[in-house]
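Observations on the model geometry
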Amino acid sequence: IIGETATDASHEELSRIPVDARTRAARGDETCTHVLFCAPPRPFGDAEYAEEVACAARECWDGSGGFLFCSSGGVFAEDDGGVVDEDGATSTSDRAQKMLAAEA
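Scope of this entry: the structure provided in the associated data block. (Residues numbered from 1 in each chain as written. Predicted model: local features only at pLDDT ≥ 70, side-chain atom pairs only at ≥ 80, totals over all residues. Heavy atoms only, no water.)

1. Details of the pattern of salt bridges
Under the criterion given, the structure shown has eight salt bridges. The residue arginine 16 makes a salt bridge to glutamate 12 at a minimum N-O spacing of 3.6 Å. Judged by relative accessible area, which is 60%, arginine 16 ranks as exposed. Residue glutamate 12 is classed as exposed on the basis of its relative accessible area of 60%. We note a salt bridge from arginine 22 to aspartate 20, for which the minimum N-O separation is 2.8 Å. (Salt bridge = Lys/Arg side-chain N within 4 Å of Asp/Glu carboxyl O. Buried < 20%, exposed > 50% of the residue type's maximum accessible area, 1.4 Å probe, protein only.)

Next comes the structure, spelled out in structure tokens:
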């Protein structure tokens, strides 16, 4: 299991699982059959988020198995403790719209 992170702050903890923890900057040429992308937009800058998802698919996934993109509940308009599900209204904020575009 390879775990790619923005910084090395959690690498010691990840190595106990065990995960081969690496930073994004240290991404190698190897690809994997299964990739799970679950990162908030902020480390990449909201404007670059969709491209970072696409880049991870191109550079990390070998096209077999599966590429799973875990989005954020932050795209939903509900922000007062109510129930959020897939049928809920989405936020019109720029940040939410950029995350939704990454899913498309």
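There is more to say after this.
2. Observations concerning the packing of helix α2 (residues 49-60) against helix α3 (residues 94-103)
The interhelical angle for the contact between α2 and α3, taken along N-to-C directions, is 25°, at an axis separation of 8 Å. Between α2 and α3, the angle falls in the class roughly parallel. Relative to α3, α2 is oriented so that their crossing is right-handed. On α3, the residues touching Tyr49, Ala50 and Val53 of α2 are Lys98, Met99 and Ala102. Looking at the contact of α2 with α3, its residues break down into five nonpolar, no polar and one charged. (Axes fitted to C-alpha atoms, helices over the stretch in contact; angles between N-to-C directions. Helix = DSSP H or I, 4+ residues; strand = E, 2+ residues; numbered from the N terminus. Parallel < 35°, antiparallel > 145°, perpendicular 65-115°, else oblique. Left-handed = near helix turned anticlockwise from the far one by under 90°. Contact = heavy atoms within 4.5 Å. Nonpolar A, V, L, I, M, F, W, Y, C, P; charged D, E, K, R; others polar.)

3. Topic: the packing of aromatic side chains
Applying the stated criterion across every chain yields a total of two aromatic pairs. With a centroid separation of 5.9 Å and 35° between ring planes, the pair formed by phenylalanine 37 and phenylalanine 69 is classed as tilted. Linking phenylalanine 37 in strand β3 (residues 32-37) with phenylalanine 69 in strand β4 (residues 61-69), this pair joins segments that are 32 residues apart in sequence. Like phenylalanine 69, phenylalanine 37 is buried. (Phe/Tyr/Trp six-rings, centres within 6.5 Å; stacked < 30°, edge-to-face > 60°.)

4. Some details on α2
Its twelve residues give α2 an end-to-end C-alpha distance of 16 Å, which sits within 8% of 16 Å, the value for a rise of 1.5 Å per residue. Within the span of α2, buried status applies to Tyr49, Glu52, Val53, Cys55, Ala56 and Cys60. Looking down the long axis of α2, one finds its buried residues gathered within 160° of arc, a one-sided arrangement. On its buried side, α2 packs onto β1 (2-5), β3, β4 and α3. (Expected span 1.5 Å × (residues − 1). Arc of directions from axis to C-beta.)

5. Observations regarding the nonpolar core
Within soluble globular proteins, side chains that are nonpolar tend to cluster in buried spots. One finds Phe37, Tyr49, Val53, Ala56, Phe69, Val75, Phe76, Ala96, Met99 and Ala102 forming the largest nonpolar core, which totals ten residues. Listed by contribution, the elements that provide at least two residues to this core are α2 and α3. (Core = buried A, V, L, I, M, F, W, Y, C linked by side-chain atoms within 4.5 Å.)

6. Some points on the environment of glutamate 48
Counting through the fold element by element, glutamate 48 comes out in the loop between β3 and α2. The sequence separation of glutamate 48 and lysine 98 amounts to 50 residues, and the corresponding C-alpha distance is 8.7 Å.

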